[in-house]
Amino acid sequence: MPCIRVDGNDIFAMYNVTKAAREICLSQSRPILIEAMTYRIGHHSTPHDSRSYRSVDEVNQWDKVENPILRLKKYMIAQDWWSEEKDKDWMKENRRRVIEAFQAAGKKKKPNPELMFGDVYDTLTKNLQQQMQYMKEHVEKYKENYPIDRFNSWKK
């Protein structure tokens, strides 16, 4: 399969490569892989600490200078399509909207935990059925540690 490697931090490079890849897919009826080379600011997971193999200065450089959103913002300001004032207003308005969305979401019941078992296979495998049963028994046994009343359709 053909592959195109691109600077995944460059919005215009990503756009152009995606457009070219789409054209190849449509005109030649074949797939193409886009390898977007980018930088992960955060750790892979909660217990994973990337400071063991990269410095705080390196991460800060990518976060404060090489950040693709900041690169685009600087470009748009240079083109006079955006301004620091517009950006400040936009950030303030959207911060408010995000907080409202979080507050609204916090009032809703959480999805039924059983749903996490049914997202891969058409029919649950025996192994997944056992895992789901174990989860139910565990939650029932230690129910004081699990707020099951905050979930939709929890079945014991």
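Residues numbered from 1 in each chain as written. Predicted model: local features only at pLDDT ≥ 70, side-chain atom pairs only at ≥ 80, totals over all residues. Heavy atoms only, no water.

**Student:** Residues and numbers for the overall build of the protein chain, please.
**Tutor:** Within the protein chain one finds 5 helices and 2 strands. In the protein chain, the order of α-helices and β-strands from amino to carboxyl end is β-α-β-α-α-α-α. Principal-axis analysis of the C-alpha atoms gives the protein chain an extent of 60 × 45 × 35 Å. Within the protein chain, the fraction of its 156 residues that count as buried is 15%. Long-range pairs, those at least 24 residues apart, make up 42% of the contacts in the protein chain between residues at least 6 apart in sequence. If you average the places of the 28 positive and of the 23 negative side-chain charges in the protein chain, the two averages end up 5 Å apart. (Helix = DSSP H or I, 4+ residues; strand = E, 2+ residues; numbered from the N terminus. Buried < 20%, exposed > 50% of the residue type's maximum accessible area, 1.4 Å probe, protein only. Contact = heavy atoms within 4.5 Å. Lys, Arg positive; Asp, Glu negative; His and termini not counted. Charge placed at Lys NZ, Arg CZ, Asp CG, Glu CD.)

**Student:** Give a detailed account of the pairing of strand β1 (residues 3-7), specifying residues and quantitative values.
**Tutor:** Pairing geometry for β1 and strand β2 (residues 33-37), over 5 bridges, is parallel. Directly across from R5, in β2, lies its bridge partner E35. As for the winding sense of the linkage, the β-α-β connection from β1 through helix α1 (residues 11-28) to β2 is right-handed. (Pairing = 2+ DSSP bridges. Right-handed = clockwise from strand over helix to strand, strands pointing away.)

**Student:** Tell me what's going on with α1, and back it up with residues and numbers.
**Tutor:** Over its 18 residues, α1 extends 25 Å from the first C-alpha to the last, a length consistent with the 26 Å expected when each residue adds 1.5 Å. Residue D10 occupies the N-cap position of α1, its side-chain oxygen lying 3.0 Å from the main-chain nitrogen of F12. Once α1 ends, the next one or two residues include S29, with phi positive near 50°. (Expected span 1.5 Å × (residues − 1). Polar contact = N/O pair within 3.5 Å; in protein donor to acceptor, adjacent residues only side chain to side chain.)

**Student:** Which residues make up the layout of surface pockets, and what values go with them?
**Tutor:** For the largest pocket, the calculated volume is near 240 Å³. As for the largest pocket, its lining consists of N67, I69, L70, L72, K73, M76, W82, D87, W90 and M91. Of all elements in the fold, only α3 (68-78) and α4 (84-107) reach the threshold of two or more residues within the lining of the largest pocket. At 5 residues, the largest contribution of residues to the lining of the largest pocket is made by α3. The class makeup of the residues in the lining of the largest pocket is 7 nonpolar, 1 polar and 2 charged. (1 Å grid on protein atoms, 1.4 Å probe; cavity = no way out; pocket = protein on both sides within 12 Å on 5 of 7 lines; lining within 4 Å. Points joined across faces, edges and corners; volume = space filled by probe spheres on them. Nonpolar A, V, L, I, M, F, W, Y, C, P; charged D, E, K, R; others polar.)

**Student:** Requested: an account of the packing of aromatic side chains, with residues and values cited.
**Tutor:** The relation between two aromatic rings is expressed through the spacing of the ring centres and the mutual angle of the planes. Tallying each qualifying case throughout the model produces 3 aromatic pairs. On the numbers, 5.7 Å between centres and 75° between planes, the contact of Y75 with W81 is edge-to-face. A relative accessible area of 48% places W81 in the partly exposed class. Linked through ring pairs, F12, Y75 and W81 together constitute an aromatic cluster. (Phe/Tyr/Trp six-rings, centres within 6.5 Å; stacked < 30°, edge-to-face > 60°.)

**Student:** I'd love a proper account of the side chain of D87, names of residues and values included.
**Tutor:** By secondary structure assignment, the location of D87 is in helix α4. Discounting residues that sit within four places of it in the chain, D87 has contacts with K73 and W82.

**Student:** Run through the pattern of salt bridges, naming residues and quoting values.
**Tutor:** Applying the stated criterion to the full structure yields 10 salt bridges. Of the charged contacts, one joins K64 and D63 as a salt bridge, the two residues approaching to 3.2 Å between their closest N and O atoms. Taking the shortest distance from any N to any O, the salt bridge between E100 and R96 comes out at 2.4 Å. On the criterion of helical spacing, the pair formed by E100 and R96 is a turn pair, its members being 4 residues apart in helix α4. (Salt bridge = Lys/Arg side-chain N within 4 Å of Asp/Glu carboxyl O.)

**Student:** Could you give an account of the environment of I148, naming the residues involved and the relevant values?
**Tutor:** Relative to the assigned elements, I148 resides in the segment after α5 (126-141). On the accessibility criterion, I148 (18% relative accessible area) is buried. Sequence spacing of I148 and P68 is 80 residues, and the spatial spacing of their C-alpha atoms is 41 Å.

**Student:** Account for a nonpolar patch on the surface, with residues named and values stated.
**Tutor:** A cluster of nonpolar side chains, contributed by I11, F12, Y75 and W81, occupies part of the molecular surface with about 410 Å² of accessible area. Following the sequence through the fold, W81 ends up in the loop between α3 and α4. (Patch = residues over 30% accessible without salt bridge, like charges linked within 9 Å, V, L, I, M, F, W, Y side chains within 5 Å. Areas by Shrake-Rupley, 256 points an atom, 1.4 Å probe, with all protein chains shown as cover.)

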